Amino acid sequence: MELFITAIFFIGISLIATEIFNKVNKAAVAMFMGVTCWLLYIVAGRHFVITQHLSAFLAAGYQAIATIQEVRTFIAEHVFLSYAMNAAGVVLYLLGTMTIIEVLENNGCFDFIHEALRTRRPKKFLWLISIITFLLSANLDNLTTTCLMLALLHTMVADAELRKRFGSVVVLAANCGGAFTVIGDVTSLSLWGVGLVTPTHYSSMLILPCMAALFTTTYLVHRKLPHSMKLVHTILPYRGDDTVLNRWQRLLMLIIGIGGLWFIPTFHRLTQLPSFVGALCVLGVLWIVDEFCNRSLLTSDKMVSRRRPMALQYQNLQNMLYFIGISLAVGALNETGLLQQVAVWTMTHLHNIYIIGGLAGLLSACFNNMTVMLSDIALFRHVEHLPAFSPNGDFWPLLSYVTALGGSLWLIGSTAGLALWRMEGISFGGYLKHFMPKVLVGGLVGALVFWLTTLL
């Protein structure tokens, strides 16, 4: 049965990796894969429980010779439930933060970005959008930031080819920005959620490498840009509605929303409650402020005609479903004991965390950074006898960095890259030829900076 579960897993991630070509939605594949792996696990449940959880099974009051129903009850209550709860915690956090971004977007709080980008000089525009995306992604998440910035590009840049260049930098900036904070990406959030990193130490390890990788790549793109660009004639700030909020009200909501997201790690440290509780708390405060600011609209017909950015919602909902499916599939594979065998082999033959990290980065380019990150967490989280793999060890920030950069090498490597493919129609070959070498150079520079920081 281990072979069947492994086969389903690799067939699933292969379909996910080739989504651009087979046109099958990765979220649908991930959910089907996750459920199927657990169904196969339950079929051979007695074998897996005896080999992997015998002491816990006996401690729960069951006998070594138990009925099939008792074995399945134990799996549901003690094995499957832990993976489901971890996935649910991340999804609830994403749901809360996604709603916070929706509230800010619908009230025109991101119009300040539009104002900052008003220039006809493409080189200046490139650096501005790179830095703004990096900072936004550190506070929001990389997929949300990518969708916001790509939508903004459509309202400003008329040249489609130039938009693709800017969009490629946006993907890298979003992935790098999301990687250096624990709230910026699902991958870093997963590391924080299982206690492998703490927010301050994690960010201090990654901020310089991520900035070095991004700025190096941006500079390489900057050298090939023209001296001027054509803007869209009618440039209207996207608000999502006809809101009457003034500038100070929008600024107040932006500060509450972004500042609240930054407060979530502190909330977790003070209360020890899951991160999604902090996100829901911030959402509640922002929602109350939103209703006070929009009091004049609440009883009018203007609220009915509000236009919601459904593209943003659709992408994020897919991302949540994809995460659930991948989490369940990796969990089922882990419970077979196969990943522990792979971890032992890796520790025996590969002693250098940079070699392991390099392989993880290459796999991220092919099989999506989220899949590789969750698999590596399951592989190495129990190798605590080695300092590099212990909580706050050097391996975990390195893993986050290489999966973020690896996911930026190809369009299929991250959800942000797939968003660029869908929204801008950039070709796989064009991205591979014109942008991947620049990301690779930037990634190597960032890796060198990371290595230097570990020596200090």
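Preceding this section is the structure that the text describes.
Let me begin by describing the structure that accompanies this report. (Residues numbered from 1 in each chain as written. Predicted model: local features only at pLDDT ≥ 70, side-chain atom pairs only at ≥ 80, totals over all residues. Heavy atoms only, no water.)

Digging into the overall build of the protein chain
Next up, step 1: Scanning the protein chain from N- to C-terminus turns up 23 helices and zero strands.
Next up, step 2: Whereas a compact globule of 456 residues would reach a radius of gyration of roughly 23 Å, the protein chain reaches 23 Å, a difference of no more than 12%.
Next up, step 3: The C-alpha extent of the protein chain, read off along each of the three principal axes, is 75 × 55 × 45 Å.
Next up, step 4: Within the protein chain, contacts between residues separated by at least 24 positions form 79% of all contacts whose residues are at least 6 apart in sequence.
Next up, step 5: Accessible surface, the protein chain as shown: approximately 19800 Å² in total, 69% of it carbon and sulfur.
Next up, step 6: Computing the positive centroid from 28 side-chain charges and the negative centroid from 22, the protein chain places the two 13 Å apart. (Helix = DSSP H or I, 4+ residues; strand = E, 2+ residues; numbered from the N terminus. Rg over C-alpha atoms; globule rule 2.2 N^0.38 Å. Contact = heavy atoms within 4.5 Å. Areas by Shrake-Rupley, 256 points an atom, 1.4 Å probe, with all protein chains shown as cover. Lys, Arg positive; Asp, Glu negative; His and termini not counted. Charge placed at Lys NZ, Arg CZ, Asp CG, Glu CD.)

Structural notes on unusual backbone geometry
Phi is mostly negative for residues that are not glycine, and the peptide bonds are mostly trans.
Next up, step 1: Phi is positive for K23, close to 65°, though the residue is something other than glycine.
Next up, step 2: The residue K23 is located in the loop between α2 (19–22) and α3 (26–43) in this model.
Next up, step 3: Accessibility expressed as a relative area gives 60% for K23, which makes it exposed.
Next up, step 4: Within the chain, N392 stands out as a residue other than glycine whose phi angle is a positive 65°.
Next up, step 5: Given a relative accessible area of 26%, N392 falls into the partly exposed group. (Buried < 20%, exposed > 50% of the residue type's maximum accessible area, 1.4 Å probe, protein only.)

Some points on empty space enclosed by the protein
Next up, step 1: Considering all chains together, one arrives at two cavities of 30 Å³ or more under this definition.
Next up, step 2: In this structure, the largest cavity spans a volume of roughly 50 Å³.
Next up, step 3: As for the largest cavity, its lining consists of N142, D185, V186, N319, N368, N369, M370, S414 and T415.
Next up, step 4: Looking at the lining of the largest cavity residue by residue, the classes come out as two nonpolar, six polar and one charged. (1 Å grid on protein atoms, 1.4 Å probe; cavity = no way out; pocket = protein on both sides within 12 Å on 5 of 7 lines; lining within 4 Å. Points joined across faces, edges and corners; volume = space filled by probe spheres on them. Nonpolar A, V, L, I, M, F, W, Y, C, P; charged D, E, K, R; others polar.)

Regarding the packing of helix α9 (residues 142–156) against helix α21 (residues 415–424)
When two helices pack together, their arrangement is given by the angle between the helix axes and the distance between those axes.
Next up, step 1: The geometry of α9 relative to α21 is characterised by a closest axis approach of 9 Å and an angle of 25° between their N-to-C directions. With respect to their mutual orientation, α9 and α21 come out roughly parallel. Pair α9 / α21 crosses with right-handed handedness. Listed contacts from α21 to N142, L143, T146, C147, L150, A151 and H154 of α9 are T415, A416, A419, L420, M423 and E424.
Next up, step 2: Residue classes in the contact of α9 with α21 are distributed as eight nonpolar, four polar and one charged. (Axes fitted to C-alpha atoms, helices over the stretch in contact; angles between N-to-C directions. Parallel < 35°, antiparallel > 145°, perpendicular 65-115°, else oblique. Left-handed = near helix turned anticlockwise from the far one by under 90°.)

Quick look at the packing of aromatic side chains
Next up, step 1: Taken as a whole and judged by the stated rule, the model has 15 aromatic pairs.
Next up, step 2: Ring centres of F380 and F395 lie 5.4 Å apart, and the angle between their planes is 75°; on these two criteria the pair is classed as edge-to-face. On the criterion of sequence distance, the pair formed by F380 in helix α19 (residues 369–380) and F395 in helix α20 (residues 395–409) is long-range, its members being 15 residues apart.
Next up, step 3: For F380, a relative accessible area of 2% puts it in the buried group.
Next up, step 4: Measuring from ring centre to ring centre gives 5.1 Å for F395 and W396, while their planes differ by 70°; the resulting arrangement is edge-to-face. (Phe/Tyr/Trp six-rings, centres within 6.5 Å; stacked < 30°, edge-to-face > 60°.)

Digging into the pattern of salt bridges
Next up, step 1: This structure, assessed with the given rule, holds two salt bridges.
Next up, step 2: Residue E19 pairs with R422 through a salt bridge whose shortest N-O separation is 2.6 Å. With E19 in helix α2 and R422 in helix α21, the pair connects residues that are 403 residues apart, well separated along the chain.
Next up, step 3: Between E161 and K164 there is a salt bridge whose closest N-O contact spans 3.6 Å. In this pair, E161 and K164 are both assigned in helix α10 (residues 160–179), three residues apart and thus about one turn of the helix distant. (Salt bridge = Lys/Arg side-chain N within 4 Å of Asp/Glu carboxyl O.)

Quick word on the nonpolar core
Next up, step 1: Core analysis: the biggest nonpolar cluster contains 142 residues, and F110, L117, F125, M149, F166, F380 and W396 have the highest contact counts within it.
Next up, step 2: The biggest single contributor to this core is helix α6 (residues 68–106), with 15 residues.
Next up, step 3: In this view, F110 contacts I101, L104, E105, L136, L140, L148 and L254; residues no more than four positions away in its chain are not counted. (Core = buried A, V, L, I, M, F, W, Y, C linked by side-chain atoms within 4.5 Å.)

Here we look at the layout of surface pockets
Next up, step 1: In this structure, the largest pocket encloses a volume near 630 Å³.
Next up, step 2: Forming the walls of the largest pocket are 26 residues, and the residues nearest its centre are N86, A87, S190, G193 and V194.
Next up, step 3: For the lining of the largest pocket, the secondary structure elements donating two or more residues are α6, α11 (186–193), α14 (275–293), α16 (310–335) and α19.
Next up, step 4: The dominant element in the lining of the largest pocket, judged by the number of residues it contributes, is α6, at seven residues.
Next up, step 5: In terms of residue class, the lining of the largest pocket is built from 14 nonpolar, eleven polar and one charged.

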